[in-house]
Amino acid sequence: MTHWFEGPLAAFDTETTGVDVEQDRIVSAALVAQDTAGGRVRVTRWLVNPGVPVPPGATDVHGLTDDHLQRNGRWPAPVMDEMARALAESCASGRPLVVMNAPFDLTLLDRELRRHRASSLARYLDGTPMRVVDPRVLDKHLDRYRKGRRTLTDLCARYEVVLDGAHDAAADASASLELVRAVCRRFSTRLERLSPAELHTLQATWHAAQARGLEAWFAKSGTPETVDPSWPLRPELPAAA
């Protein structure tokens, strides 16, 4: 029997102006799809002129400069619409959606939709369930006592997944997709009986527990910090009174 993680998958990734999901902007994104393990990967790419300056630190990460984005990027409103429609169509087809550190990328897209389309990711999905698979959450749960960082680069090295051109949205999405296949194969005895929908629900619980553990670690270290337990999408912040 072929397990779901050997079949159709899609993966989404963004590059941004920073790490604040409420304020920063998407400058590039990619959605990749693959029908079967080892099969051809289809890639959709977006390049965005965010309309705000790109900090040098962000450019150092992904290599996208203000000049390049102003010359070659498209205005955010139509691009965000295309991204959301593409994700909604992919989810409607039943493909599990791979997103590394899902609360970051999916929340950013949701906020961009609110900013530029007066809409939300939920409205585009229109009741279609997302079955998200987050390799970071999976690895932290399945190999929880392993020390060390769990960035995409680190996890790819751990699971022997090729990552060419890190911090390019298409490269990162493709690597994340292969990473999910690799993680699920390694822990197949614990995952093979779970459907993508069941795994989605479990990851929400696992991520919340991981957030509580990280908060406790921060407190013990003398640097208290709040860690959002929401997964795969952070709720909208309440409007200021």
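Above this text sits the structure in question.
These figures come from a predicted structure and were not determined experimentally. (Residues numbered from 1 in each chain as written. Predicted model: local features only at pLDDT ≥ 70, side-chain atom pairs only at ≥ 80, totals over all residues. Heavy atoms only, no water.)

S.K.: Would you take a moment to explain unusual backbone geometry for this structure?
M.R.: With an omega dihedral of 5°, the bond running from W231 to P232 counts as a cis peptide bond. Even without glycine at this site, E160 takes up a positive phi of about 60°. Examined against the element boundaries, E160 turns out to sit in the loop between α7 (152–158) and α8 (169–186). The exposed category is assigned to E160, whose relative accessible area is 72%. Its identity as a non-glycine residue notwithstanding, H167 has a phi of 75°, on the positive side. Within the secondary structure, H167 sits in the loop between α7 and α8. (Helix = DSSP H or I, 4+ residues; strand = E, 2+ residues; numbered from the N terminus. Buried < 20%, exposed > 50% of the residue type's maximum accessible area, 1.4 Å probe, protein only.)

S.K.: Looking at this structure, how should I read the side chain of R150?
M.R.: Along the chain, the position of R150 falls in the loop between α6 (135–142) and α7. A distance of 2.4 Å separates polar atoms of two side chains, one belonging to R150 and the other to D139. Here the side chain of R150 touches D143 through a polar contact of 3.0 Å, landing on its backbone oxygen. (Polar contact = N/O pair within 3.5 Å; in protein donor to acceptor, adjacent residues only side chain to side chain.)

S.K.: What am I meant to see in the environment of G57 here?
M.R.: By secondary structure assignment, the location of G57 is in helix α1 (residues 56–62). In this structure the C-alpha to C-alpha distance between G57 and G18, which are 39 residues apart in sequence, comes to 8.2 Å.

S.K.: Is there a simple way to explain the packing of aromatic side chains in this structure?
M.R.: Taken as a whole and assessed by the stated rule, the structure comprises two aromatic pairs. Ring geometry for W4 against F5: centres 5.6 Å apart, planes inclined by 80°, an arrangement best described as edge-to-face. With a relative accessible area of 16%, W4 lands in the buried category. Ring geometry for W217 against F218: centres 5.5 Å apart, planes inclined by 65°, an arrangement best described as edge-to-face. (Phe/Tyr/Trp six-rings, centres within 6.5 Å; stacked < 30°, edge-to-face > 60°.)

S.K.: Teacher, can you tell me more about the nonpolar core here?
M.R.: Side chains that are nonpolar tend, in soluble globular proteins, to be buried together. Membership of the largest hydrophobic core comes to 60 residues, with the highest contact counts inside it found for F12, M83, L97, L106 and L109. Ignoring any residue separated from it by four or fewer positions in sequence, one finds F12 in contact with A29, A30, L31, M83, L87, L97, V98, V99, D105, L106, L109 and A173. Within the second largest apolar cluster, five residues are counted, among which are V27, A58, L64 and L69. (Core = buried A, V, L, I, M, F, W, Y, C linked by side-chain atoms within 4.5 Å. Contact = heavy atoms within 4.5 Å.)

S.K.: Teacher, can you tell me more about the sheet that holds strand β1 (residues 9–16) here?
M.R.: The strands that make up a sheet pair up through hydrogen bonds in the backbone, lying either parallel or antiparallel. The five strands are arranged β3-β2-β1-β4-β5 in an open sheet whose pairing can be described as mixed. Two strands bound the open sheet, and with one partner strand each, they are β3 (41–47) and β5 (132–133). For β1 and strand β4 (residues 97–98), the ladder comprises two bridges, and the chain directions are parallel. Residue pairing across strands places A10 opposite L97, the latter belonging to β4. (Pairing = 2+ DSSP bridges.)

S.K.: What should I look at first to understand the pairing of β1 in this one?
M.R.: A regular strand carries its side chains on alternate faces of the sheet. Where burial is concerned, most of β1 is hidden: eight out of the eight residues are buried. With burial as the criterion, each face of β1 is covered, one bearing L9, A11, D13 and E15 and the other bearing A10, F12, T14 and T16. As defined by bridge partners, β1 adjoins strand β2 (residues 26–34) across eight bridges and the pair is classed as antiparallel. Looking at β2, one finds that A11 is bridged to V32.

S.K.: Sorry, what's going on with the pattern of salt bridges here?
M.R.: Close approach of charged atoms lets side chains of opposite charge pair. Counted according to the given criterion, the structure contains 18 salt bridges. The salt bridge partner of R42 is D35, with a shortest N-O separation of 3.2 Å. Between R146 and D139 there is a salt bridge, with the nearest N and O atoms lying 2.8 Å from each other. Residues R146 and D139 agree in their burial class; the two are buried. It is possible to trace a salt-bridge network through shared partners that takes in E22, D110, R111, R114 and E236. (Salt bridge = Lys/Arg side-chain N within 4 Å of Asp/Glu carboxyl O.)

Don't take any of this as a statement about function, it's just geometry.
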